[in-house]
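Read off the chains here:
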Amino acid sequence: MIRDADTGAAVSLRGLHKRFGDVRAVDGVDLLIAPGEVVALLGPNGAGKTTTMEMLLGLTTPGSGEITLFGRSPARATAGGLVGAMLQSGGFLDQMTGREIVQVMAAQYPAPLTVDEALTRAGMLEHAKLRYGGLSGGQKQRVRFAAALVCNPDLLVLDEPTVAMDVRGRQDFWAAMREYTSGGRTVLFATHYLAEAQDFADRVVLMRAGRIIADGSVAEVTSRVGGRTITAAVPDADPVRLGELPGVAAVEVRGEQVRLHCPSSDEALRALLAEYPGAHDVVVSAMSLENAFVALTTEKVS
């Protein structure tokens, strides 16, 4: 969904395409993000999220389309310290300490934060003298976060920022992000933790097969699907038979545990119990972001 004119937009993507051989990694993405928005970019593996982020940052050249960040090219915006990024790809030398890594990054920009401030915001100040190669996965993510923050950016681009963090680490990370964005900074982040998107994002952009298929608040995206979810224990569950039941739009099966996404839950429930009289522990619930994600990105089994 393109919102208003892109004058003053923090991020403007117009007609973005990218191919890798016969694969259309990004297939006509149009996206505007206003300054101060916190946007979650969601989608299954291979949806085009990381490629879109890499093009936005100037790390990959689009096959076609236009990209501007605060009215500038990605290269100019990044060189000017307007953009900080935390990506899954790339890394730092194992022999360097966290402090050294952040110092090197700070030296690249015109008006950075102090190294101590960046490390403190990332929760790594007391471990800053440890070598990167000896850090835990969560601590490495914190160093990456400090390196992204030190340029004092107006836009943060984060690809799976809390991967390898434990529950407490994720909580601390998002607490730091809330403090950072309270001043009106813009954030675009990709995550597989849908609860993070539901709790933190102002807006959700859902991609599938290189295209945007839903864009709006969490409430707007979940309303696109409607209906309810039926979860149950179903002995000898057959995904094909379940997908053919009336009122069922999408199916997930994990052993005996079944989840049905249903535009018509009453019809689907009656059909489920008729087809599988041994079904038990049945729960009917309202649509969540996770339910909507599955329903919008999963084809009906046939």
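See the structure printed just above.
Residues numbered from 1 in each chain as written. Predicted model: local features only at pLDDT ≥ 70, side-chain atom pairs only at ≥ 80, totals over all residues. Heavy atoms only, no water.

Draft legend 1. The sheet that holds strand S2 (residues 23-33), seen in detail. Across the sheet, which stays open at both edges, the three strands sit in the order S2-S1-S4 with antiparallel pairing between neighbours. Whereas interior strands pair on both sides, the edge strands pair on one side only; in this sheet they are S2 and strand S4 (64-69). Direction aside, the axes of adjacent strands within the sheet are offset by 20° on average. Where strand S1 (residues 11-20) lies against S2, eight bridges are found, and the strand directions are antiparallel. Across the sheet, residue Leu16 finds its bridge partner in S2, namely Val29. Most of the contacts of helix H1 (residues 49-56) go to S1, to which it runs at about 120°, and overall it touches S1, S2 and S4. (Pairing = 2+ DSSP bridges. Helix = DSSP H or I, 4+ residues; strand = E, 2+ residues; numbered from the N terminus. Axes fitted to C-alpha atoms, helices over the stretch in contact; angles between N-to-C directions. Contact = heavy atoms within 4.5 Å.)

Draft legend 2. Structural detail: the pattern of salt bridges. All chains considered together, the criterion is met by 13 salt bridges. We note a salt bridge from Asp116 to Arg99, for which the minimum N-O separation is 2.8 Å. Of this pair, Asp116 sits in helix H4 (residues 115-121) while Arg99 sits in helix H3 (residues 98-106); the two residues are 17 residues apart in sequence, bridging distant segments of the chain. Here Asp172 ties to Arg142 by a salt bridge, and the two come within 3.7 Å at their closest N and O atoms. Residue Asp172 is found in helix H6 (residues 167-181), and its partner Arg142 is found in helix H5 (residues 137-149); the two are separated by 30 residues along the sequence. Of the residues examined, Arg142 reaches a relative accessible area of 16% and is grouped as buried. Among the charged side chains, a network of salt bridges with common partners joins Glu252, Arg254, Arg259 and Glu290. (Salt bridge = Lys/Arg side-chain N within 4 Å of Asp/Glu carboxyl O. Buried < 20%, exposed > 50% of the residue type's maximum accessible area, 1.4 Å probe, protein only.)

Draft legend 3. Here's a closer look at the sheet that holds strand S9 (residues 211-216). Taking strand neighbours across the sheet as the criterion, the six strands line up as S5-S6-S7-S3-S8-S9 in an open arrangement whose pairing is mixed. Only two strands of the sheet have a single neighbouring strand rather than two, namely strand S5 (83-86) and S9. Here the strands of the sheet are splayed against their neighbours by 15° on average, with no regard to which way each runs. Bridging between strand S3 (residues 38-42) and strand S7 (residues 186-190) involves four bridges; their strand directions are parallel.

Nothing here speaks to function; it is all geometry.
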